[in-house]
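Residues per chain are reported as follows:
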Amino acid sequence: GGTLLATISDRDKEEAAALVKGFVDLGYMVYATQGTSDFLTGKGVANLKVNKIRDGGVTVLDLVRQNRVDLLINTLSKHRPAEEREGARIRRASVENNTPCITSLDTAKAVLQALSAREEGHAAVCRTISDYLKDSGGAHLAGAVKEEG
């Protein structure tokens, strides 16, 4: 487990709900900004609402700066300047405080799968690309690289 902060753009909320639930199932406590929190609550995903920066009080920035967040998922809001600026400030704070920040739901899904596998006792195997290609005989590249001639 740990603490997840989710601030998700409107276009990503539907897909993100299942992923956030997966983190909850692994024992993560979830903080979410108002729109994300309301959406998650409507989907039955437990979370605690936290203020956006512009709302004042205890904000997402405070949580990140106080190292109260283990993982940040912040998908980008396009064509919404206030959200874009706020997202940039949150991502910057995550970098400055060594908090992993994910901006893509594909990446969040991969992290969730890796954490779930670890939780189930599956060991991760790390290999160099050279070893991977040697073991597969380069079959994964078949058709991807054209012979010059």
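Analysis parameters
- Numbers given for residues are sequential positions, taken from 1 along each chain in its written order.
- Two thresholds apply to this predicted model, a pLDDT of at least 70 for residue-level local features and 80 or more for giving and counting side-chain atom pairs, whereas whole-chain, interface and lining totals are computed over all residues.
- The side-chain values count all of the structure's non-hydrogen atoms but skip hydrogen atoms and water molecules.
- Two aromatic rings, drawn from Phe, Tyr or Trp (for Trp, its six-membered ring), form a pair once their centres lie within 6.5 Å of each other, and the interplanar angle then sorts them: stacked below 30 degrees, edge-to-face above 60, tilted otherwise.
- Remark: exposure states derive from per-residue accessible area (1.4 Å probe, protein chains only) relative to the maximum for the residue type, with buried under 20%, exposed over 50%, and partly exposed in between.
- Side-chain atoms within 4.5 Å link the members of a nonpolar core, which is a set of buried Ala, Val, Leu, Ile, Met, Phe, Trp, Tyr and Cys residues.
- A run of DSSP states H or I qualifies as a helix once it reaches four residues; a run of E qualifies as a strand once it reaches two. Both are numbered from the N-terminal end.
- Note on definitions: a residue-residue contact is assigned when non-hydrogen atoms from the two residues lie within 4.5 Å.
- For helices, the fitted axis covers only the stretch in contact; all axes are lines through C-alpha atoms, and the angles between them, taken along N-to-C directions, range from 0 to 180 degrees.
- Any angle that falls under 35 degrees is termed roughly parallel, while one over 145 is termed roughly antiparallel, one within 65 to 115 roughly perpendicular, and all others oblique.
- Left-handed describes a crossing whose near helix is turned anticlockwise from the far helix through less than a right angle; right-handed describes the clockwise counterpart.
- Residue polarity is assigned by list, with Asp, Glu, Lys and Arg as charged and Ala, Val, Leu, Ile, Met, Phe, Trp, Tyr, Cys and Pro as nonpolar; anything else, Gly included, falls into the polar class.
- Strand pairing is defined by DSSP finding a minimum of two bridges between the two strands.

Draft legend 1. Representation of the packing of aromatic side chains within the structure. Going through the model one piece at a time under the given rule, you end up with 1 aromatic pair. Ring geometry for phenylalanine 23 versus tyrosine 28: centroids 5.4 Å apart, planes at 85 degrees, classification edge-to-face. For the pair phenylalanine 23 and tyrosine 28, one class covers both residues: buried.

Draft legend 2. Expanded view of the nonpolar core. Among the nonpolar cores identified, the biggest contains 21 residues, and Leu4, Val20, Phe23, Tyr28, Val30, Leu40 and Ile73 are the most heavily contacted of them. Of all the secondary structure elements, the ones that give two or more residues to this core are β1 (2-7), α1 (13-25), β2 (28-32), β4 (71-74) and α5 (105-119). Sorting elements by how many residues they give to this core places α1 first, with 5 residues. Setting aside residues up to four positions removed in sequence, leucine 4 forms contacts with Val20, Phe23, Tyr28, Met29, Val30, Tyr31, Leu71 and Ile73. Among the nonpolar cores identified, the runner-up in size contains 12 residues, and Tyr31, Val50, Val60 and Leu63 belong to it.

Draft legend 3. Region of the structure containing the packing of α1 against helix α2 (residues 34-42). Relative orientation of the contacting elements α1 and α2 amounts to 70 degrees, with a least axis distance of 10 Å. On the basis of the axis angle, α1 is roughly perpendicular to α2. Viewed along their axes, α1 and α2 form a crossing whose handedness is right-handed. For the pair α1 and α2, contact is made by Lys13, Glu14, Ala17 and Val20 and by Gly35, Thr36, Phe39 and Leu40, respectively. Split by residue class, the contact of α1 with α2 holds 4 nonpolar, 2 polar and 2 charged.

Draft legend 4. Here's a closer look at the sheet that holds strand β5 (residues 101-102). With parallel pairing, the 5 strands of this open sheet are ordered in space as β3-β2-β1-β4-β5. Taken across any chain shown, the strands that pair with only one partner, and hence form the sheet edges, are β3 (48-49) and β5. Pairing geometry for β1 and β4, over 4 bridges, is parallel. Residue pairing in the sheet places alanine 6 in a bridge with isoleucine 73 of β4. Against the sheet, α2 touches β1, β2 and β3, its axis set at about 130 degrees to β2.

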